[in-house]
Amino acid sequence: MNSHNTGRASTRPSLTRRLASLVAIGASLALGACSGDEVIDPPFKDSIKPTVAVAKGNATADSLLAVTINARDNIGLKRVHLMLEGGITAAYDTTMTSAVTTLTLYVNVRVPSNAPIGATVTARAVAVDGAGNSSDTSRVSLTVGNLEPPVSLITSPVANSPVVSGKALVLSLSGKARYKVRTLGYQITGAYNTRDSVQYSSPLRDSVGMLDTLVIPDSVRGATIQVTPFVIDSLNQRVPGTAVSYAVQSPANANTVPVVRTGVARRVEVSDTIFVEGTDPVGISTLGYEVRSTTGQLLAADSVSSTGAFSTLVRTFRTRIPVTVFPTQVAVYGFARNANGRRDVARLTNGALRQDTVLVVAGHTRSLPQGGQVADALYFSRNDRLYLTNIERNWLEVFNVADSTFGSPIAVGSRPWGLATWPRNRSGDVGDTLIVANSGGTNLSYVDLRAGSNGREVYRYPLPNLMVYSITSTRSATTDQIITQRTAYDFSDRPQFVAGTCTGGLTPTSPCEDVVAVYSTTPTPGQSGPFPKMGTIRWENLSKQSSHFFFEQAIGQSEGRSDTLEIVRFAAAGVGSDSVLLPYKQTVRRADGTTWEYSIVGRLDYLAFRDTTFVRSSGNFRRAVFGEGGAVLGSRAMMYDATMGFDRTPPLPVIDRGISRPIDVTDFISNTFARVQGVGINFDGELSAVKGDSTYVFDPTLRLQGILESKPSTGGLDFHPQNAGPRSTVLRTRLAFVASSDPVIDVFDTYCYRKIASIAVRDPMIGPVRAAVRPNGQLMLIGATVRGVTMVALPDTFTTTCL
């Protein structure tokens with residue numbers, strides 16, 4: 001073993017050494033002269049122990065372990081002893097030949113080549129002075145290879161906190177280890193001895209925490225206990241942590257008052273949570289809270305009682321604050337009473353009374369029972385339930401609005417995203433089937449809400465593979481002849497957002513004929529160039545099992561090139577048939593018998609759409625609106641009318657007249673130049689809106705009607721369910737509800753474009769926003785937040801001064 005040390009030493013005896021020699025001689029003479037008398041120490045004998053501290057040093061190579069030792073004595077150090085145990089075993093001693101009161105040693109220990117990397121080594125140091133007094137042992141943990149060693153800590157209570165015999169002490173420990181934590185525990189020494197630990201099973205984690213309740217025996221009083229944490233990693237290496245001391249008192253002698261801590265959000269709902277913690281060595285017998293108005297009136301209070309056996313009591317209370325006007329400011333206080341009957345309230349660090357001033361806001365937020373992420377939501381009025389797609393759990397969440405509880409989820413396809421109802425007629429009546437877009441697959445789930453207690457998936461409609469080709473003319477490099485070149489573009493067929501529309505009459509009572517699902521697709525990096533991470537828009541006639549790929553917005557010719565489009569449908573699982581949706585060329589016969597060639601020339605850069613293109617249908621299922629996603633300005637919006645049908649010019653109709661014209665799409669960009677963060681459409685589709693830096697309202701031809709001065713955010717928007725026509729005649733329905741980056745929902749007049757109200761909620765909306773009317777006539781808003789799903793009951797009495 002190679003080692004070295006540095007310190008202050010002298011080659012000649014110092015004055016202290018000569019004095020010590022004289023003292024030793026004098027002591028011997030005194031003892032010899034007083035044989036048989038009482039033996040007493042001389043008044044100047046050294047009885048003070050030296051101190052020593054060992055710490056991890058700075059190793060210059062992974063093949064070395066380095067420690068730094070600092071020792072000190074009031075008169076003189078004699079010897080310092082270092083021992084290493086665990087991954088390697090070694091020892092080092094240094095002896096002083098002259099009086100040294102302070103010493104710093106830098107020790108490097110060479111690691112044997114067969115020592116396992118990551119093995120823990122415990123270094124212990126002891127100092128001895130000239131009088132034979134030994135220091136307390138100092139320890140430090142090292143790791144072969146100079147990796148971070150396992151660590152365990154007692155995080156609560158802090159050192160020297162008083163504890164009371166016969167009471168339960170709550171210990172909080174944490175541990176971490178590079179090679180995962182197998183066991184975390186503690187050992188008690190001093191007034192009594194005990195130990196406890198928790199063993200973890202696979203999969204092991206690299207950091208853990210634990211709480212344990214320790215009951216101090218009644219017999220332990222007026223003494224001190226030491227609690228030493230320890231951790232054992234997956235290599236079965238046991239490493240102790242730093243010991244913490246606590247003084248044990250009897251209950252009668254403890255003159256303490258409770259220490260109270262509260263936790264409450266700055267914005268709370270009527271039914272929310274308040275956290276209260278009370279700590280007292282004597283034990284907590286009562287714990288509670290009060291909610292008071294700004295004038296001091298008691299609004300709500302609750303408390304729990306205990307036997308007083310626990311020194312710490314923790315409770316998260318569920319409140320019921322009787323407030324009906326939002327927002328309302330209130331004050332929250334926490335209190336506790338100990339087993340001796342002494343009461344105190346939560347206080348600040350300076351001892352002043354702590355008062356949490358909070359804002360009571362509208363809404364009820366419920367977290368998802370098993371976590372996940374909500375992509376879309378839909379309210380079904382016949383059973384008063386809310387359905388939400390949970391893309392991380394592959395199911396629909398079922399929320400019962402009447403009692404604010406979640407039911408059993410409905411399993412569907414992979415990564416469900418969009419959600420739509422099955423259209424019945426132009427009055428907005430729907431069937432008992434939900435349509436779910438499974439973005440992790442290439443299918444739509446049919447969910448029958450009548451099956452089982454909450455509903456059940458009954459079928460998965462396989463979506464076809466739609467291939468796009470461009471045919472261009474180019475000059476051959478070898479023959480210099482004009483040749484035709486056909487290029488294939490393979491897009492992802494995975495559905496994302498979906499909306500339900502239908503063909504049929506236009507009167508309010510007209511029944512639906514064909515059900516047409518309009519959907520955007522989820523892009524993937526594996527798509528053909530130049531379309532990586534670009535989605536598309538399509539419709540699928542679920543009644544006739546036929547398809548359409550939206551190309552109409554791209555009709556036109558790019559500068560310097562001409563691309564003729566061809567689109568082919570390849571059926572999946574035998575649903576529908578393989579067919580050409582857009583032929584490369586068709587022959588059209590004129591009335592005089594002559595013919596001409598009919599082809600569609602398109603601009604390829606206008607064919608696809610960015611990721612997360614939003615889709616929403618009107619309440620009467622006639623129209624749908626699309627908003628191109630992505631964090632880019634100049635996003636496109638489009639409309640679709642399911643009743644318009646095809647242009648009948650060629651033998652095979654290919655252009656859907658219900659899709660916005662290319663000139664209207666580009667004109668919309670010129671008028672808005674916005675980033676789309678959500679879309680909305682009113683009941684009959686006469687008004688639609690896209691949300692970006694503001695909210696842009698437009699008609700079915702994409703002509704901009706007005707701008708709502710909303711704030712940009714990732715939350716969506718929706719119209720009042722009964723908002724109809726370009727100027728809804730019932731003023732209380734001429735509304736749009738728009739999420740904000742602030743924790744509010746803004747309410748706008750959709751004809752005068754004024755903000756008429758703001759509804760304060762707990763958290764900003766970060767997902768879809770849906771407005772619905774319950775069977776009892778209650779207007780309700782549903783939105784996704786970071787904490788889960790928020791429902792807000794709204795007064796249906798919003799007014800506007802603009803007629």
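Here the structure is a predicted model, which means the values were calculated and not measured.

**Student:** I tried to follow the overall build of the protein on my own but got confused; where do I start?
**Tutor:** On a plain count of helices and strands, the protein comes out with two helices and 62 strands. Compactness check: the protein gives a C-alpha radius of gyration of 39 Å against a globular reference of 28 Å for 803 residues, more than 25% above the reference. With respect to the three principal axes, the spread of C-alpha positions in the protein is 150 × 85 × 45 Å. Counting only residues that meet the buried cut, the protein has 51% of its 803 residues in that class. As displayed, the protein has an accessible area near 36400 Å², and 50% of this comes from carbon and sulfur atoms.

**Student:** Would you mind going over unusual backbone geometry with me for this structure?
**Tutor:** Most peptide bonds adopt trans geometry, and most residues besides glycine take a negative phi value. Each neighbour pair has its own omega, and for S156 with P157 the value is -5°, a cis peptide bond. Tracing the backbone through its elements, the reader meets P157 in the loop between β8 (151-156) and β9 (162-164). With an omega of -5°, the peptide bond between F326 and P327 qualifies as cis. With respect to the element layout, P327 can be found in the loop between β22 (312-318) and β23 (328-338). Of note in the backbone geometry, D384 takes a positive phi value of approximately 55° without being a glycine. Note on D384: relative accessible area 12%, which makes it buried.

**Student:** I keep staring at the nonpolar core and nothing clicks. Help me out?
**Tutor:** In summary, soluble globular proteins display a tendency toward joint burial of nonpolar side chains. Counting residues in hydrophobic clusters, the biggest one holds 32 residues, and the most contacted among them are V518, F550, F626, M638, Y640, V690 and F698. The element contributing the most residues to this core is strand β51 (residues 637-641), with four residues. Here V690 is in contact with A637, F668, V676, G678, V679, T695, Y696 and F698, once residues within four sequence places are set aside.

**Student:** Would you mind going over the side chain of T750 with me for this structure?
**Tutor:** Looking at the element boundaries, T750 is found in the loop between β58 (744-749) and β59 (755-760). What makes T750 buried here is its relative accessible area of 1%. At 3.2 Å, the side chain of T750 forms a polar contact with the side chain of N723. Not counting residues within four places of it along the chain, the set of residues in contact with T750 comprises L687, F719, N723, R734, L735 and A736.

**Student:** How do you make sense of the sheet that holds strand β2 (residues 64-72) when you look at a structure like this?
**Tutor:** Strands belonging to one sheet form pairs held by backbone hydrogen bonds; the direction of such a pair is parallel or antiparallel. A sheet is described by the order of its strands in space; here three strands give the open sequence β1-β2-β5, paired in antiparallel fashion. At either end of the open sheet lies a strand with only one pairing partner, and these are β1 (51-56) and β5 (102-110). For this sheet, the mean angle separating the axes of adjacent strands, direction not counted, is 20°. Here β2 runs beside β5; their pairing, made up of nine bridges, is antiparallel. The partner of I69 across the bridge, within β5, is L105.

**Student:** Mind showing me how you'd approach the packing of aromatic side chains here?
**Tutor:** The geometry of two aromatic rings is summed up by the distance between their centres and the angle between their planes. By the definition in use, this model includes 15 aromatic pairs. Cluster of aromatic residues (ring-pair linked, three or more members): W422, Y446, Y459 and Y461. In this structure, R315 packs its charged tip against the face of F317, placed 5.3 Å from the ring centre. It is R603 that lies over the ring of Y606; its NZ or CZ is 4.2 Å from the centre.

**Student:** Sorry if this is basic, but what is going on with the environment of S138 here?
**Tutor:** Within the secondary structure layout, S138 lies in strand β7 (residues 138-143). The class for S138 is buried, based on a relative accessible area of 13%. In the structure, S138 is positioned 56 residues away from L82 in sequence and 9.6 Å away in space, judged by C-alpha atoms. When near neighbours in sequence (up to four residues on either side) are disregarded, S138 contacts V52, A53, V54, A123, R124 and A125. Side-chain polar atoms of S138 contact the backbone nitrogen of V54, separated by 3.0 Å.

**Student:** I tried to follow the pairing of strand β42 (residues 546-549) on my own but got confused; where do I start?
**Tutor:** Look at any regular strand and the pattern is simple: side chains alternate between the two faces of the sheet. Looking at chain direction, strand β41 (residues 537-541) and β42 are connected through four bridges and run antiparallel. Note that in β42 the partner of N541 across the bridge is S546.

Calculation rules
Residues numbered from 1 in each chain as written. Predicted model: local features only at pLDDT ≥ 70, side-chain atom pairs only at ≥ 80, totals over all residues. Heavy atoms only, no water. Helix = DSSP H or I, 4+ residues; strand = E, 2+ residues; numbered from the N terminus. Rg over C-alpha atoms; globule rule 2.2 N^0.38 Å. Buried < 20%, exposed > 50% of the residue type's maximum accessible area, 1.4 Å probe, protein only. Areas by Shrake-Rupley, 256 points an atom, 1.4 Å probe, with all protein chains shown as cover. Core = buried A, V, L, I, M, F, W, Y, C linked by side-chain atoms within 4.5 Å. Contact = heavy atoms within 4.5 Å. Polar contact = N/O pair within 3.5 Å; in protein donor to acceptor, adjacent residues only side chain to side chain. Pairing = 2+ DSSP bridges. Axes fitted to C-alpha atoms, helices over the stretch in contact; angles between N-to-C directions. Phe/Tyr/Trp six-rings, centres within 6.5 Å; stacked < 30°, edge-to-face > 60°. Lys NZ or Arg CZ within 6 Å of the ring centre and 35° of its normal.

No statement about biological role is implied by the geometric values presented.
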